[in-house]
Structures are given as C-alpha cells and as structure tokens.
Amino acid sequence: MGVKLLLEKAHVQGIRSYEVYRREGGYRGAEKAIKTMSTDDIVEEVKKSGLRGRGGAGFPAGMKWSFVAKPEGVPRHLVCNADESEPGTFKDRYLMENIPHLLIEGLIISSFALGSNATYIYIRGEYAWIVDILEQAIGEARANGFLGKNILGSGFDCEIYVQRGAGAYICGEETALIESLEGKRGNPRIKPPFPAIQGVWMRPTVVNNVETLASVVPIINMGGDEYAKIGVGKSTGTKLISACGNISKPGVYEIDMTISVEEFIYSDEYCGGIANGKRLKACIPGGSSVPVLPANLLLKTAKGETRYMNYESLSDGGFVTGTMMGSGGFIVLDEDQCIVKNTYTFARFYRHESCGQCSPCREGTGWMEKLLLRLEKGQGKISDIDLLWDIQRKIEGNTICPLGDAAAWPVAAAIRHFRDEFEWHVTHPEEAQKRNFGLAHYADPIHVPAV
Amino acid sequence: MAKFNETQLTEFKRLVARYPEGKQKSALLPVLHLAQDSFGGWLSSDTMDYVAGLLLIAPIEVYEVATFYSMYNLKPVGKYMFEVCQTGPCMLRGSDDIVAYIGTTLGIKPGETTADGLFTLKTVECLGACGYAPMMQLGKQYREHLTKEKVDAIIEECRKNAVANN
C-alpha cells in the first residue's frame, strides 16, 4: 500500500461530519497555520513541498501564490476550481463527496496565507448535490470558529461561498471561470494581466484546483520538506487518479507517483487489469486532452524503460512517443475499442465546448468532428486524414486559451500512433461498420509511424 | 408573469449577498438556476427579463449567459429529463446502447419530449462520472452504472412519482 495523504480517512464512518473529521485529527493544520505561522511561512512551506497544480497544467502552486499582487486597500480572493469537466476526470468530486472538510480546511489555510476574506468555490453546475454537502461542511466549520469573524482569535475573517456553474467545460480554464463567477459567458481572457494581478472584479485572485487546495492540509501538518520526500523528482506528494474505461475496477486511487503504469493497470490494489480478460489496446492517462498512447508506448518509453505514473515519466518522449499526467483522468481502451470512434467523441466534445471566441478553435473543432464522423462511418477519404492533421496543426497554439490545444492533441496523437486504423476505415468501409480494427500490430514492439 | 415567492426571494437575497457591493451581477448563474427550478424547468424570455430587473442589469446580459451554458433550457422540457452522457469514457462502457434503449422505450429521439410531457431525452457531454459509466443525470442526481433493467426501473419510478404528485 502506498502513502495516502488525502484519502486515508475518506472512508471512516461519518467523516463527512465536523465531529468525526475533527476526532480523526482534522483542522489541526488550520490551527497550526493560523495560530503559529505567518502568511509568508505558509507560502514558503507550500513552495518547499514542490506541490504542482493538480488541475492539469502542473504549475508549481507555491510559485503561483507568490505572484499575487498586494496593492494597498484592494481585497484579494482565493477561488477554488471545482469545475472538473475534463473527460475521464472525477477525482475532485470523489474528494468533495467523501471528505468535504479536507477541502474546507485547505481553503481556510490557503485563504489565511493569501489574505482572502471572501473565498469562492466554483463548482460545475451538474454537481448540484455536492453543493449541499459543501455548504453543510462550511456551516459546521463556521459554527466551530474556523470561519467567520476573528478566526481562532487571529483577527482574520473569512467566508467561503459555493457558486454553481451551469454546464460549460471552458469554465475550468481560470480566466473563463473568473468571467463566469462575475455572471458572464465563460469566454477566457487574454493574459496578461494574469489573475494574480487582475482577477475576479479586477482584484488579485488565485485560482487553484480542489485537489491542490486539499493537499495544503498535509503539507502544513507534515511540513513542506517531508511532503517533498514522497514521490520522485518534481512529482512530489500524492496524486489522485480517476481510472475509467475498460478496466476491472474503475474508481479513484491515491498514488505516490513511484508506481509503474503497468502496476497501476494490472495490480488488484488499483485498476485490477483489463475487464473481461481482454487485452490492453491504448490509454489516455491524463484526461481526454492528453495524447493517447498504444499499449507498448504506454507501459515502456521509446527507450524501452519502464514508464511510471508521474509527471516526468509520462511525458518522456514528448508528444512523439510520450503523453502527459494532466488531470489524472486515466482512460483505458481494450482490444475491442475503435480509436476513430473514441477520437470522434472527443472531437464532438470539444466542438460542443468551444466558447467560439477564437476562429481556429470555433471553426477547427467543427471541421474535426465532421471529418472524424465521416471516417468513422466509412465515408471518408485518405485525404481526410491529412486534412485532419492539417486542421489540428492550425488550431494548436493559435487560440487565447488552451482549449484549442486540448482539442488538437487527441486528434494528432490518434493519427500519429493509429494512422493505419484510420486508413483501414477508408479502405474497408463496409467491414469497418461491422467490426473494429482490434489490436492488429499495436501489441508489436515500438510502432511509431512517421507523419 | 411569474414572480419569485417569499421563500424564493429569501434565497435570491442570500445568493446576492455573497458578492461585493455593486457586483450583484455575479449572482446571475445561481439566480438563473433558481428561476429555472421555480418556473417549470425552463427560462422564458419573460423570466429572463424578470431576472434582469431583479439584478439591475440589461436583459441582453441575461440572454447572453442563458444561451451560453448548456444547463439552461430555453424551451419547455419534460417533467423528467434524462441527460445521458455520451463522451468517450461512457461510450467505451456502452452509452450508445443506453441512449438507443431509452429512445425505443419512450418512443422519442434525443432532443425530443414524450407527448404526455413526462420525459425528455437529451444527450450530453462528460458529466464527471466516468468511473461509474454509463450514466445519466436526472434532476439534481446522477444515475450510474446504467443497464437496460435500471433504465426500466427509473422510468417506472418517474411514472409513479408523477402520479403521486398529481
């Protein structure tokens, strides 16, 4: 069993309540931080911990905190990003549903460190019942003196509010989230100015993911240096992985980032292998935006080394033979799955979720969806594959926010690694409607077609 | 034109009070949820104008938000809306079959409502329940690990509730 810092107590009977959470050692971190540490001390501990943003980008959290501007007389805000919308990702939901006080405690410590007197949790609109769970936890924390005026006699005031979104993937992007929090369409802003300088209501704002903010609790409890000893290299601490697709045991697992991908998929402690005794075809290890890898490149890098479940190892080989840790949305495809169809559903998703602000993304995602549907239906041409490649190249890097890249990468990786499956859909249109391409040669040693 | 009752107005005030003075527009998304829940599950232009008036903003500011977010219904929907996820992870676990089964059972296509006004079938994109696929949203709750048998049971449950509530 690996180290568990976030979910260790998640299944203690009644842990959703303040009493049980407190009895199990909860709010010790908040007490320690508010009573014995300065705000700079807390930021320093988070920096030392090496904690990287758990939403997908992996940006060092302590560094993000240190950028926040502190102009005289201007309020600052902490905003918790609970918009969790990346296909394959359901870890924040799991944490909030099971152990909501861990997030609230993390928010109290972080609000204190950043000087946020009004902190907002922006949660995706569909998680309606979790709003009730969080508001219950906030009420309990308030009744016990951890929120409200003069918290623990420190003179620090803080309130936490939960705001529901209303169905928009783009609001997981921090500037779109801020726009939405202001009651507008979720159109991302041009950066700079960064939210740390001008965020919500043009005030300095820090936006962090749920898991990132919950991780602040163990960091304060154990100290940044101790936290940094867990894991490997720049992948410190633990990471929540939400595993789904064709595996025996879908669910949320906390890992310490030292285990191999193979162990994660096949060990009974985690995914329990591929469901129904099938073989592994491909995997998208970090949410739908990150490159899909065929089995061989997933389990071993192009150099033939074991691939591990951490930021560095998953991205070994760049986008040519590697992928990304992303949000930890681990999607597994078995031998019966069709890469073209799977890629099509993601293209449809991104077309649906594009905010429409930037032409390359608004137009490009629509084109990609249409071409992929045509190929999937056996009505495509070989030149459609090249056109797809061309379109994704023209989206990537040419948009205000990363949604464009997120839409381009899965298409690029699917063509890069599975081009012959796309071609087969063109050359065998009737057969492609009756059966899937299967494994073909993907289980062979390293196969990377040049594109 | 429909207006918030006493209880709904109290909730409206609670929502607006969470934002700084003069930033009441920030409450727009939660207030639209409240309005949709209060006025029959959808937002008419009258409702949107009413919300604009309450928040002291121009009606266009409400329209542009209501049309952007997928959870706001701009036309009437059935009493029970089955929002079935069809994105990759759910597709891998058979969501196509679930959508088809619901469609056949209720005699409607995605986007349609049954003639009795009870059910609407809608396909949606990833709802964050990938590990519990296939799934759908029904009101405030998720229904997960769907099978044809479970779908039958849910339809039955809705029909019973509809009778009980009449």
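The rules behind each value
Residues numbered from 1 in each chain as written. Chains lettered and ligands numbered in written order. Predicted model: local features only at pLDDT ≥ 70, side-chain atom pairs only at ≥ 80, totals over all residues. Helix = DSSP H or I, 4+ residues; strand = E, 2+ residues; numbered from the N terminus. Contact = placed C-beta atoms within 7 Å. Buried ≥ 20, exposed ≤ 12 C-beta atoms within 10 Å, placed from the backbone. Domains from an automatic or database assignment. Nonpolar A, V, L, I, M, F, W, Y, C, P; charged D, E, K, R; others polar. Axes fitted to C-alpha atoms, helices over the stretch in contact; angles between N-to-C directions. Parallel < 35°, antiparallel > 145°, perpendicular 65-115°, else oblique. Left-handed = near helix turned anticlockwise from the far one by under 90°. Pairing = 2+ DSSP bridges.

Within chain B one finds seven helices and four strands. The helix and strand sequence of chain B, counted from the amino end, reads α-α-α-α-β-α-α-β-β-β-α. Taken along its principal axes, the extent of the C-alpha atoms in chain B is 50 × 35 × 25 Å.

So, about the environment of A:Leu439. All names here are of chain A. Mapped onto the secondary structure, Leu-439 falls in the segment after α19 (429-434). Sequence separation between Leu-439 and Ala-282 is 157 residues, and the spatial gap between their C-alpha atoms is 9.3 Å. In this structure Leu-439 touches Arg-279, Lys-281 and Glu-335, once residues within four positions along its chain are discounted.

Summarising the element assignment, A:Glu8 is placed in the segment before α1 (18-23). C-alpha of A:Glu8 to C-alpha of A:Leu213: the two residues are 205 residues apart in sequence and 16 Å apart in space.

Attention shifts here to the interface of chain A and chain B. Taken together, the contact pairs 46 residues of chain A with 35 residues of chain B. Put simply, the parts of the chain that give the side of chain A that touches chain B at least two residues each are α7 (128-143), β3 (159-164), α8 (174-181), β7 (239-245), β8 (251-255), β11 (329-334) and α15 (339-353) of chain A.

Attention now goes to unusual backbone geometry. With the exception of glycine, most residues fall at negative phi, and the peptide bonds are largely trans. Of note, the amide linkage connecting A:Pro192 to A:Pro193 takes the cis form, showing an omega dihedral of 0 degrees. Relative to the helices and strands, A:Pro193 is located in the loop between α8 and β4 (205-209). Cis geometry marks the peptide bond from B:Ala133 to B:Pro134; its omega dihedral reads -10 degrees. Mapped onto the elements, B:Pro134 comes out in the loop between β2 (119-124) and β3 (136-138). Phi at A:Tyr27 takes a positive value of approximately 65 degrees, unusual for a residue other than glycine. As for its placement among the helices and strands, A:Tyr27 is situated in the loop between α1 and α2 (28-36). With 23 C-beta atoms packed within 10 Å, A:Tyr27 lands in the buried category.

Right, let's get into the domain arrangement of chain A. Residue and element names in this part refer to chain A. Along its sequence, chain A is organised into domain 1 (18-229), domain 2 (235-334) and domain 3 (339-434). Domain 1 and domain 2 are separated by 28 Å when their C-alpha centres are compared. Of the residues lining the interface, 20 residues belong to domain 1; the matching set on domain 2 comes to 19 residues. Those elements that provide at least two residues to the side of domain 1 that touches domain 2 are α5 (91-98), α9 (210-222) and α10 (224-229). If one sorts the elements of the side of domain 1 that touches domain 2 by residue count, α5 sits on top with three residues. Looking at the side of domain 1 that touches domain 2 residue by residue, the class counts come to seven nonpolar, eight polar and five charged.

On to the packing of helix α3 (residues 45-55) of chain B against helix α4 (residues 59-66) of chain B, then. Residues and elements named next belong to chain B. Where α3 contacts α4, the two axes come as close as 8 Å, and the packing angle between them is 125 degrees. Taken as axis vectors, α3 and α4 run oblique relative to one another. Crossing of α3 against α4: the hand is right-handed. Contact residues: Met-48, Asp-49, Val-51 and Ala-52 in α3; Pro-59, Glu-61, Val-62, Tyr-63 and Ala-66 in α4. Considering only residue class, the contact of α3 with α4 consists of seven nonpolar, no polar and two charged.

To continue, consider the sheet that holds strand β1 (residues 80-85) of chain B. All names here are of chain B. If you walk across this open sheet you meet the four strands as β2-β1-β3-β4, and the pairing is mixed. Edge strands, defined here as strands with exactly one partner in the open sheet, are β2 and β4 (141-143). Across the sheet, the axes of successive neighbouring strands diverge by a mean angle of 25 degrees, strand direction being ignored. By the bridge criterion, two bridges tie β1 to β3 in an arrangement that is antiparallel. When the bridges of β3 are listed, Val-84 appears paired with Met-136. Its contacts with the sheet place helix α6 (residues 95-106) against β1 and β2, and it is angled at close to 155 degrees to β1.

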